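# Coordinate inspection notes
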Amino acid sequence: MLIDTHCHLDMLKDLKGALQRAKENQVNFIVTIGIDLKTSRKAVEIAETYNFVWATVGVHPHEAKTSTDEVYKELEILASHPKVVAIGEIGLDFYRNLSPREIQINAFKRQIKLAQKLGKPIVIHCREAISETWQILVETEGLSCKGVWHCFPGDVSFAEKCIKAGFYISIPGIVTFPKSTKLKQVVKKTPLESLLLETDAPFLAPVPMRGKQNEPAFLHYTAQKVADIKEVSLKQVALKTTENAKKLFNLG
Ligand SMILES: [Zn+2]
Ligand SMILES: [Zn+2]
């Protein structure tokens, strides 16, 4: 059994078919992620419809510029839904800078506070902003939230720092790409106890599915790659990462 800890089911063409294929490929639990109010609502709706799907709600740094006080108010109400397992994805994206940096920082801080208030973990999105993201976590005592660095953006020493603080490292399909040397090193050095698996579907389809729409059913390619890098069995990877995800997100 595998758990896809980060995907965007609302963006998939043929959701029903994708969920069917997920089950056929032993992906028995899925966490679908919100990036703004609309997709957060949609994530909760999908989680209400399918018992093996859970949701997160949050405002992605790209969407931070469109989020008003009203949005955060409604997000807080949504976040109390029993199938909402985390606040996310939240963080900083200084690569694409689709929202002004100041606004990204405010949105991130605000949602860390929400996670602290509700006692939920956070799903962090971070691109080209590792030190800034870390600094905010320290300033806001956001390290106490625990959570996961999705699509892990750092190197081995940063992974060690995150793990020490109690965070999980989530491995996307990028690890199957020939050029992903840094991420492969992270997988090699990080204990299985701190790893999660994700597709980030519909994005980042793993080898040999590159160019196609990614979906949870493809998670096993990433799991197999992790097993190969760590020189352990696929079963071990599946067991441990499933246990980790259940623990972090408190999945029944
Ligand atoms: Zn992301
Ligand atoms: Zn995402």
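Residues numbered from 1 in each chain as written. Chains lettered and ligands numbered in written order. Predicted model: local features only at pLDDT ≥ 70, side-chain atom pairs only at ≥ 80, totals over all residues. Heavy atoms only, no water.

Further remarks concern the state of the cysteines. This model, assessed by the stated rule, comprises zero disulfides. Looking at cysteine 7, it has no disulfide partner, and the nearest cysteine sulfur is the one in cysteine 151, 13 Å off. A relative accessible area of 0% means that cysteine 7 is categorised as buried. Of all cysteine sulfurs, the one in cysteine 162 lies closest to cysteine 145, which takes part in no disulfide; the gap is 14 Å. A relative accessible area of 11% means that cysteine 145 is categorised as buried. (Disulfide = S-S within 2.5 Å. Buried < 20%, exposed > 50% of the residue type's maximum accessible area, 1.4 Å probe, protein only.)

Here the zinc ion (ligand 1) is held by Glu89 (OE), His125 (ND1) and His150 (NE2), and the distances to it run 2.0 to 2.1 Å. A gap of 3.5 Å separates the zinc ion (ligand 1) and the zinc ion (ligand 2), which glutamate 89 links by coordinating each metal. Of the two residues, histidine 125 is situated in strand β5 (residues 122–127) and histidine 150 in the loop between β6 (147–149) and α6 (156–164); the sequence distance between them amounts to 25 residues. Accessibility assignment for this pair places histidine 125 and histidine 150 in one class, buried. (Donors = N, O, S within 2.8 Å, 3.2 Å for Na, K, Ca; no water. Helix = DSSP H or I, 4+ residues; strand = E, 2+ residues; numbered from the N terminus.)

Let's shift gears to the packing of aromatic side chains. Here the structure, examined in full by the defined rule, presents six aromatic pairs. Between the aromatic rings of tyrosine 50 and phenylalanine 52, the centroid separation amounts to 6.1 Å while the plane-to-plane angle is 65 degrees, which identifies the pairing as edge-to-face. When the ring of tryptophan 134 is compared with that of phenylalanine 158, the centres are 5.7 Å apart and the planes differ by 75 degrees; the resulting orientation is edge-to-face. With tryptophan 134 in helix α5 (residues 130–139) and phenylalanine 158 in helix α6, this pair connects stretches of sequence that are 24 residues apart. (Phe/Tyr/Trp six-rings, centres within 6.5 Å; stacked < 30°, edge-to-face > 60°.)

Let's shift gears to the coordination of the zinc ion (ligand 2). Coordination of the zinc ion (ligand 2) by the protein involves His6 (NE2), His8 (NE2), Glu89 (OE) and Asp200 (OD), with metal-donor separations of 2.1 to 2.6 Å. In this structure, the zinc ion (ligand 2) is coordinated by four donor atoms arranged in irregular fashion, with angles at the metal of 84 to 176 degrees. Site description for the zinc ion (ligand 2): donor spacing in sequence, H-x1-H-x80-E-x110-D. The buried category is assigned to histidine 8, whose relative accessible area is 2%. Given a relative accessible area of 2%, glutamate 89 falls into the buried group. (Tetrahedral: all angles 85-135°; square planar, octahedral: opposite > 155°, others 65-115°.)

Moving on: the UniProt feature "binding site: a divalent metal cation 1" (unreviewed entry) in the protein chain. Under the feature "binding site: a divalent metal cation 1" (unreviewed entry), the UniProt entry names His6, His8, Glu89 and Asp200. The named residues occupy 195 residues along the chain; their greatest pairwise C-alpha distance, 11.2 Å, places them in one compact cluster. Note that histidine 6 resides in strand β1 (residues 2–7). Within the secondary structure, glutamate 89 is located in strand β4 (residues 84–93). Within polar-contact distance, the side chain of glutamate 89 engages the side chain of histidine 6 at 3.2 Å. (UniProt positions renumbered as here; feature names shortened; annotations may be inferred. Polar contact = N/O pair within 3.5 Å; in protein donor to acceptor, adjacent residues only side chain to side chain.)

Moving on, we get to the pattern of salt bridges. Side-chain pairing between opposite charges can occur once the charged atoms of the two side chains come close. Enumeration according to the criterion identifies 10 salt bridges in this entry. The shortest N-O distance in the salt bridge between aspartate 69 and arginine 110 comes to 3.0 Å. Of this pair, aspartate 69 sits in helix α3 (residues 69–79) while arginine 110 sits in helix α4 (residues 101–118), and the two are 41 residues apart along the sequence. Under the relative-accessibility criterion, aspartate 69 is labelled partly exposed at 48%. Residues lysine 109 and glutamate 139 are paired through a salt bridge, measuring 3.5 Å at the closest nitrogen-oxygen approach. Highlighted residues: lysine 109 in helix α4 and glutamate 139 in helix α5, separated in sequence by 30 residues. Overlapping salt bridges, with partners in common, bring together Asp14, Arg21 and Glu215 in one network. (Salt bridge = Lys/Arg side-chain N within 4 Å of Asp/Glu carboxyl O.)

Attention now goes to helix α8 (residues 219–230). With 12 residues, α8 ought to run about 16 Å at 1.5 Å a step, and its terminal C-alpha atoms sit 17 Å apart, in line with that. Along α8, the positions that sit buried rather than exposed are Leu219, Thr222, Ala223, Val226, Ala227, Ile229 and Lys230. The arc that holds every buried residue of α8, seen down its axis, measures 165 degrees, which confines them to one face. Check the buried side of α8 and you find it contacts β1, β2 (27–32), β7 (167–171), α7 (181–189), β8 (195–197) and α9 (234–249). Immediately beyond the C-terminal end of α8, within one or two residues, lies glutamate 231, with a positive phi of roughly 55 degrees. (Expected span 1.5 Å × (residues − 1). Arc of directions from axis to C-beta. Contact = heavy atoms within 4.5 Å.)

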